[in-house]
Each structure stands twice: as C-alpha cells, then as structure tokens.
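# Geometric and topological summary
So you can see what is in the structure, the chains are spelled out below.
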Amino acid sequence: MKIAVFSSCEYDKEFLNRFNTGHDLTYYAVSLSEDTANLATGFDAICIFVNDQANAPVLNILNNLDIRLIVLRCAGFNNVDVAKANELGMRVVRVPAYAPEAVAEHAVALMMTLNRKTHKAYNRVREGNFSLERLTGFNLFGKKVAVIGTGLIGRALCRILKGFGCRIAAFDLYPNEELQKMGVVYDTLEDTLEGADVISLHCPLTEDTKHLINKRTLQLFKPGAMLINTSRGGLIDTKDVIQALKSGQIGYLGLDVYEQEGDLFFQNRSEDVIQDELITRLISFPNVLITSHQGFFTKEALEEIARISFANVDAFLQGTPLVNEVVI
Ligand code: NAI
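Because the structure is a prediction, the values reported are computed rather than measured. (Residues numbered from 1 in each chain as written. Predicted model: local features only at pLDDT ≥ 70, side-chain atom pairs only at ≥ 80, totals over all residues. Heavy atoms only, no water.)

### A look at unusual backbone geometry
Note the threshold: Helix and strand labels come from DSSP, where a helix needs a run of H or I of at least four residues and a strand needs a run of E of at least two; each type is numbered from the N terminus. Accessible area is worked out with a 1.4 Å probe on protein chains only. A residue is then buried under 20% of its type maximum, exposed over 50%, and partly exposed in between.
In this structure, R134 takes a positive phi of about 65 degrees despite not being glycine. In this structure, R134 sits in the loop between α5 (118-126) and β6 (144-148). For R134, a relative accessible area of 74% translates into the label exposed.

Put into structure tokens, the structure is as follows:
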C-alpha cells in the first residue's frame with residue numbers, strides 16, 4: 001500500500017521503517033492541513049499524528065484523492081472529524097494503547113520535578129550554587145491526588161501513586177472496579193477536585209471535557225494545588241489557568257500538552273520570535289514546567305506504535321476486522 005506519512009520526524013522514519021510489513025512509505029515533515037492535503041495525491045492511505053488536522057475540508061480533499069484509510073499513529077483522535085470520515089467511507093484506525101505506563105510515568109516526572117525542583121537544582125549546582133534556598137518540596141506520601149479519567153493511563157498513574165502512599169480520588173464516567181478495590185475513591189468532579197494537593201488530567205478531549213479546567217472549577221482547587229496535564233491541551237482554559245497562577249490558586253503547573261501546540265510542539269523554534277503570548281506567559285512563571293508532548297516518547301512506545309499501525313494497515317488490506325477502528 002502507498003502511504004503518505006505526515007508530520008514525520010527522524011524517529012518516526014527509524015521505527016516505521018524497522019516495522020514496515022512491505023508498504024511503500026513516503027515521509028513528509030509538514031503536518032496535514034488544507035494547504036498540504038494534496039501531497040496525498042497518488043497514495044492509498046495517510047498516516048498522521050496528534051497535530052495533523054483531518055477536519056471536514058481536509059477530508060473532502062482526501063476523499064477526492066481516493067484516500068480510503070487514515071492511520072493514526074497515536075491514541076487520541078480529537079483532531080479527526082470521524083463522523084465526516086465515516087460518511088465519506090474512509091476508515092480511521094488508531095493505536096489505542098501503546099504507552100499507558102510511559103505517559104503515566106511522565107506525569108509523575110512532571111509532579112516530582114515541580115515538587116522537588118530538580119531542574120533548578122541541576123542548573124544551580126552546575127554554576128557552583130549549592131544553596132537550598134527556595135528548593136523546599138513536599139512529601140507526596142499521604143497527599144490527596146485527583147485523577148480525572150481512569151482509562152489506561154489514569155489507571156497506570158493510580159498504581160504508581162499507590163506506591164507513593166497517596167490518597168487517590170478519581171472522576172470518570174465509568175468507575176473502575178480494580179481501582180476501587182485498591183482504595184481509589186470515585187466521586188463527582190467537584191468533590192474529586194476539592195482539597196486535592198495534585199490534580200492530574202487523563203480524560204480525552206471531547207465536547208464535554210473541553211475547558212474542564214476553567215474559572216469555575218479552578219475555584220474548587222485547594223489554594224496552591226499542583227495541576228498536571230499530559231492528556232490534551234484543550235482540557236484547560238489557558239487564560240483562566242494563567243489568572244489562577246497569578247493569584248496563587250495554582251501553585252504548580254506541569255504541562256505536556258497545550259491548546260495551541262500545533263504551531264510549536266515537535267519543532268525547533270529556538271531562533272524564532274514566538275508570537276503565541278499565552279505560551280510565552282506560561283513559560284515565564286517560575287512554577288510552570290512544560291514539555292512538548294513527550295509523554296509517550298519511549299523506545300517501547302515507538303515500537304508498539306509502528307507495530308500496531310502496520311497491523312491495522314494489513315487488516316484493512318486483508319479485509320479482516322479492524323479491531324482498532326474509530327467509529328462514531
Ligand atoms: P482511555 O480511553 O483508556 O481512557 C480515557 C478515560 O477517560 C476513560 O476511562 C473514559 O471513561 C474517561 N472519560 C471520557 N470522557 C470523560 C468525561 N467527560 N469525564 C471524565 N472521564 C471521561 O485513554 P488513555 O489511553 O488513558 O488516554 C487518555 C488521554 O491521554 C488520551 O485521550 C490522549 O488525549 C492522551 N494521551 C497523551 C499522550 C502524551 O504523549 N502526552 C499519549 C497518549 C495519550
């Protein structure tokens with residue numbers, strides 16, 4: 001099958017080439033948009049990632065080019081208008097669970113770095129500054145952590161946090177029995193947030209969860225709480241979060257995702273003047289730590305993404321059930 005791979009980096013090429021089951025791959029560094037969709041001319045399928053836009057206008061272009069399969073090399077599919085794709089007869093497949101532990105472990109890395117300020121200590125010591133002033137952290141042991149969304153990643157996080165001795169409160173539309181047996185307490189969103197020392201977001205971005213963290217819900221936070229988002233940027237109203245950082249309502253913010261990340265993340269923009277004033281404001285806070293969507297980024301996850309993506313393509317070609325199909 002001829003597949004156009006959008007938003008491809010060197011590591012995509014390395015892992016996709018290694019696990020390729022015989023397909024003809026062409027790599028494009030650019031992301032998929034209305035401006036670039038025509039690059040799929042002459043291909044049978046496209047392979048895309050989190051910041052490629054497969055909205056209705058893009059899907060119409062792809063449909064005219066006879067693209068029949070959209071291969072998402074990620075779990076989230078909020079960037080694809082799945083209903084439109086289905087209406088046009090295009091199949092959409094994804095990799096539902098390639099790295100739950102990787103993302104959960106990254107969420108913990110953000111928590112622990114913000115808490116114990118190891119990123120600051122590293123720089124200080126390199127400059128011969130061995131002072132401990134303003135490096136005070138807190139014990140995670142005994143603290144209340146609110147986990148919003150207890151699917152594969154949320155569950156992996158709960159298991160890790162149990163080891164730290166945290167009290168875990170959770171909110172999900174479908175409480176998980178395994179976690180309940182482990183002592184995780186499910187509650188309403190409001191009660192889950194209330195009194196939490198750390199809040200970690202792990203639900204998908206949908207119409208219901210867009211700006212789940214906003215002016216109203218931020219008021220429920222314990223003053224000085226830590227907010228971690230490794231899920232999707234749109235879960236947070238960034239402007240409201242900036243206000244909460246300024247007032248001290250949020251004491252620490254760890255982000256691996258950002259609402260407008262499409263123009264920035266996965267690119268080297270170090271020589272550019274960044275025009276996005278929300279991210280530059282966020283970066284300016286001493287208690288904000290941002291990574292550019294690297295939660296999934298482990299060797300194991302890249303292998304799994306490549307392996308499952310080709311299994312999805314092969315199933316499509318062979319007409320066997322598309323177990324990882326996204327249908328609305
Ligand atoms: P999952 O589908 O296993 O779990 C999602 C959970 O959220 C489910 O339990 C579901 O019931 C719950 N949920 C759905 N709507 C909800 C709502 N309105 N309120 C509360 N809970 C709700 O997904 P998984 O694998 O745990 O991934 C979670 C998210 O993490 C993905 O949607 C994706 O956006 C993000 N992600 C981030 C990565 C990164 O590198 N930073 C990598 C992979 C995923």
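Moving on from the model shown.
### Considering the sheet that holds strand β9 (residues 198-201)
Which entries qualify depends on this criterion: Note: two strands are recorded as paired if DSSP finds a minimum of 2 bridges between them. The contact criterion used is simple: two residues touch if any of their non-hydrogen atoms lie within 4.5 Å. Here an angle of 0 to 180 degrees is reported between the N-to-C directions of two axes, which are lines fitted to C-alpha atoms, with helices fitted over the stretch in contact.
Pairing in this open sheet of seven strands is parallel, and the strands run β8-β7-β6-β9-β10-β11-β12 from one edge to the other. A strand with exactly one partner marks an edge of an open sheet, and here the two such strands are β8 (185-186) and β12 (288-290). Direction of pairing for β6 relative to β9: parallel, over a ladder of four bridges. Bridging from a neighbouring strand, A146 pairs with I199 of β9. The sheet strands contacting helix α10 (residues 238-247) are β10 (225-229), β11 (250-255) and β12, and the helix crosses β11 at an angle near 140 degrees.

### Quick notes on the sheet that holds strand β5 (residues 91-93)
Across the sheet, which stays open at both edges, the five strands sit in the order β2-β1-β3-β4-β5 with parallel pairing between neighbours. Unpaired on one side and paired on the other, β2 (24-27) and β5 mark the two borders of the sheet. Adjacent strand axes in the sheet meet at a mean angle of 20 degrees when their direction is disregarded. Examined bridge by bridge, strand β3 (residues 45-48) and strand β4 (residues 69-72) share four bridges and lie parallel to one another. Bridge pairing links I46 to I70 in β4. Contacts from helix α1 (residues 10-19) reach β1 (2-5) and β2 within the one sheet, and its direction differs from that of β2 by about 180 degrees.

### A look at the nonpolar core
To keep things clear, this is the line we draw: In plain words, nonpolar cores are sets of buried Ala, Val, Leu, Ile, Met, Phe, Trp, Tyr and Cys residues tied together by side-chain atoms within 4.5 Å.
Judged by nonpolar contacts, the single largest core of 53 residues is most densely connected at I3, L32, I46, I48, L59, L62 and Y98. Here this core takes eight residues from helix α12 (residues 299-318), the largest share from any one element. Residues in contact with L32, not counting those within four places in the same chain, are F6, S7, A37, I46, I48, D52, Q53, A54, V58 and L62. The next biggest cluster of nonpolar side chains, apart from the first, holds 30 residues, and it includes I213, I250, L282 and F285.

### A closer look at helix α2 (residues 56-64)
Counted only if it meets this: Note: the arc covers the axis-to-C-beta directions of the helix.
Taken together, the buried positions of α2 are occupied by V58, L59 and L62. Along α2, the residues classed as buried sweep out an arc of 95 degrees about the axis, all on the same side. In this fold, the buried residues of α2 make contact with β3, β4 and α3 (82-87). At the exit of α2 stands D66, carrying a positive phi of roughly 70 degrees.

### Points about the site of the ligand
This is how it is decided: Here a residue counts as near a molecule or strand whenever at least one of its heavy atoms sits within 4 Å of it. For this analysis, a polar contact is any N or O atom pair within 3.5 Å, provided that within protein one partner can donate a hydrogen and the other can accept it, and provided that sequence-adjacent residues contribute only side-chain to side-chain pairs. Accessibility throughout is a Shrake-Rupley quantity obtained with a 1.4 Å probe, and a residue counts as covered only by protein chains that appear here.
Close to the ligand lie 22 residues; L152, I153, D172, T230 and F296 are nearest. L152 places a main-chain nitrogen or oxygen 2.9 Å from an oxygen atom of the ligand. Between an oxygen atom of the ligand and a side-chain N or O atom of R232, the distance comes to 3.2 Å. Protein contacts shield 85% of the accessible area of the ligand, which totals 860 Å² for the unbound molecule.

### Concerning the pairing of β2
Looking down a regular strand, the side chains alternate between one sheet face and the other. We count it as follows: The path from the first strand over the helix to the second decides the hand: if it runs clockwise while the strands point away from the viewer, the crossover is right-handed.
Note: β1 against β2, four bridges, orientation parallel. Bridge pairing in β2 links I3 to L25. On the question of chirality, the crossover connecting β1 to the parallel β2 by way of α1 is right-handed.

### Here we look at the domain arrangement of the protein chain
Let me state the cut-off plainly: The domain limits used here are those given by an automatic or database domain assignment. Buried area: the sum, over both parts, of the accessible surface (1.4 Å probe) that disappears when the two are put together. Salt bridges are defined as contacts in which a side-chain nitrogen from Lys or Arg sits within 4 Å of a carboxyl oxygen from Asp or Glu.
Its domain assignment divides the protein chain into domain 1 (2-98 + 299-318) and domain 2 (100-290). A C-alpha centroid distance of 30 Å is found between domain 1 and domain 2. Where domain 1 abuts domain 2, roughly 720 Å² becomes buried across the two surfaces, and 60% of that area is made up of carbon and sulfur atoms. Area buried by domain 1 at its contact with domain 2 is led by V50, N51 and N78, which between them contribute 55% of it. On the surface where domain 1 and domain 2 come into contact, there are zero salt bridges. Here domain 1 and domain 2 share two residue pairs in polar contact (both at pLDDT 80 or more) between them.

### Some points on the packing of aromatic side chains
Put simply, the rule reads: When the centres of two rings from Phe, Tyr and Trp lie within 6.5 Å, Trp using its six-membered ring, the rings pair. Their planes under 30 degrees apart give stacked, over 60 give edge-to-face, and anything left gives tilted. Look at NZ for Lys and CZ for Arg. If either is within 6 Å of the ring centre and within 35 degrees of the ring normal, a charge sits over the ring.
Per the counting criterion, the structure on display carries eight aromatic pairs. Between F6 and Y28, the aromatic rings sit 5.6 Å apart at their centres with planes inclined by 40 degrees, giving tilted as the arrangement. With F6 in the loop between β1 and α1 and Y28 in the loop between β2 and β3, the pair connects residues that are 22 residues apart, well separated along the chain. There is no split in this pair, since F6 and Y28 are both buried. Over the face of the ring belonging to F43 we find K2, whose NZ or CZ atom lies 5.4 Å from the ring centre. The aromatic ring of F285 is capped on one face by R281, whose charged end is 4.3 Å from the ring centroid.

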